[in-house]
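# Observations on chain architecture
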Amino acid sequence: MTLEPTTPDTAARDTAALDSEDGQLAYELDRAHVFHSWSAQAALKPMVIAGGLASTVWDFDGNEYLDFSSQLVNVNIGHQHPAVVAAIHAQVDVLATIAPATANLARGQAASRILERAGDEFSKVFFTNGGADANENAIRLARLHTGRDKVLSMYRSYHGNTGAAVVATGDWRRVPNQYARGHVHFFGPFSYRSEFWSESPVEEGERALQHLRRVIQSEGATSIAAILIETIPGTAGVLVPPPGYLAGVRALADEFGIVLIFDEVMAGFGRTGDWFAFQSLADEGADVVVPDLITFAKGVNSGYVPVGGVIISPSIAAAFDDSVFPGGLTYSGHPLAMASIVGALDAMESEGIVANAKRVGADVIGPGLRALQAKHPSIIGEVRGVGVFWALDLVADAATREPVAPAVIAALKKSLLALGLLPFFADNRLHVVPPCVVTDDEVARALDLYDQAFSSL
Ligand code: PLP
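Residues numbered from 1 in each chain as written. Predicted model: local features only at pLDDT ≥ 70, side-chain atom pairs only at ≥ 80, totals over all residues. Heavy atoms only, no water.

In this structure, Ile114, Phe127, Ile216, Ile227, Leu394, Tyr450 and Phe454 are the most contacted members of the largest nonpolar core, which totals 104 residues. No other element matches helix H11 (residues 335-350), which puts nine residues into this core. Lining this core are residues from two domains, each supplying at least three of them: domain 1 (10-80 + 352-456) and domain 2 (83-350). Counting residues in hydrophobic clusters, the runner-up holds 19 residues, among them Ala134, Ala142, Val151 and Leu228. (Core = buried A, V, L, I, M, F, W, Y, C linked by side-chain atoms within 4.5 Å. Buried < 20%, exposed > 50% of the residue type's maximum accessible area, 1.4 Å probe, protein only. Helix = DSSP H or I, 4+ residues; strand = E, 2+ residues; numbered from the N terminus. Domains from an automatic or database assignment.)

Turning next to the site of the ligand. Taken together, the residues surrounding the ligand are Gly130, Gly131, Ala132, Asn135, Tyr158, His159, Gly160, Glu230, Asp263, Val265, Met266 and Lys298. Measuring from an oxygen atom of the ligand, one finds a backbone N or O atom of Ala132 at 2.8 Å. Take Lys298: an N or O atom from its side chain is 2.9 Å from an oxygen atom of the ligand. Sort the elements by how many residues they give to the shell around the ligand and helix H5 (residues 131-146) lands first, with three residues. Here the shell around the ligand is built from residues that sort into four nonpolar, five polar and three charged. (Near = heavy atom within 4 Å. Polar contact = N/O pair within 3.5 Å; in protein donor to acceptor, adjacent residues only side chain to side chain. Nonpolar A, V, L, I, M, F, W, Y, C, P; charged D, E, K, R; others polar.)

A word on the domain arrangement of the protein. One can read the domain layout of the protein as domain 1 (10-80 + 352-456) and domain 2 (83-350). On a C-alpha basis, the centres of domain 1 and domain 2 stand 26 Å from each other. The partner domain 2 presents 38 residues to the 38 residues of domain 1 that form the contact. Roughly 3,000 Å² is buried in total at the junction of domain 1 and domain 2, and carbon and sulfur atoms are behind 59% of that figure. Interface area lost by domain 1 to domain 2 is led by Trp38, Val354 and Phe389, which between them contribute 26%. Linking domain 1 to domain 2 there are two salt bridges. (Contact = heavy atoms within 4.5 Å. Buried area = accessible area lost by both parts, 1.4 Å probe. Salt bridge = Lys/Arg side-chain N within 4 Å of Asp/Glu carboxyl O.)

As paired strands, strand E11 (residues 380-386) and strand E12 (residues 389-397) are joined by six bridges and run antiparallel to one another. Note on E12: the bridge partner recorded for Arg384 is Ala391. In textbook terms, the turn of a hairpin is the stretch between consecutive antiparallel strands, and for E11 and E12 this stretch comprises two residues, one of which, Gly387, has a positive phi near 60 degrees. (Pairing = 2+ DSSP bridges.)

So this is what it looks like as structure tokens:
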């Protein structure tokens, strides 16, 4: 299916009215007064973006960039989609804010749209302000439901920047922030950089499951409330699990009475070419592996208004029918966020945007990246991904798989920006993560720019 977007590509792209002095002012105000995430502040030189449309953004000087980052892998529907913008406008005129304890039409519609897509195994949605607090509340639900304390999550993971979510995180961001208790980490499967000396993806999956079983036994199964995993670890490198792995984790959770949480904050709502990544990962001839709780944010409304949430199975929801759920947020189910979800999900469906992500990934991005690897085999160690969710593992030595040095990443970033492409890098990887509305022509252009950047090294 070829995408037929409703996005007008002229009106909002009128860059003639841009004033580079506004760009300069935006930069100066930022440097004077804004404190940025995850950074030493002094050397920062943030880009100033004036506007965007679909898969393109531009600055105040009229320079255009193909957005192959989707910002923080969240703008799944593309920039300034008219249906989402209109839905927010319409809601502002009706009711801009209302307390979470009220019933609100947009909120009910957003919840039901999400549940339709998650499937019959889920019955309720708890709305949060973003992905981190979605994980925070999923962990809380699991602890209250089981009466147990510990949470198992992967070393190669990111779950957000709040108390329990950042300690559930496996990467470096956990280490300076370890205030929450009861978190234990394990290694998930990653054939290209195996912790298990495996020689095939199937062996990797089996050994990773055996390792998880040993961690559960060693920690004491009856102390473990939840296994929290990104269905496809994203920032850690788009680590698509091998066949059988998710089913094996589900079986372990069932065997030991542990709540299984899939973090679909990055992988959900179209990124993998389905509404949820767990739906994309059904093994040949096997049923989809369904968790007990799903956390989401980003792609649900492409970040036009901050929002996230937890999708809850009937049995866990029922546990709070007569006992109080001790959690809440002033902006839980904020009407502007809810309206933007309804607008985004309806447009994604009617315009075939999720199907476009699947087709473009299988037919254009995947083959294109593999051809790029064939042309640059000494630096592109592995290509992996699905839908519009891909990573190139960049190596200094293809035989040893030693990651490239940070200076190589810096050089690639500089040349891609100069060529007019906004890239997404994490550690030694180039993540190829355009919006789900990306066209074949845009992918072809991006592949050419990646090729030029690799050739210039
Ligand atoms: N979980 C995953 C898998 C993520 O990728 C992120 C953010 O990148 C989060 C949780 C945290 O979401 P937020 O930044 O909206 O709190």
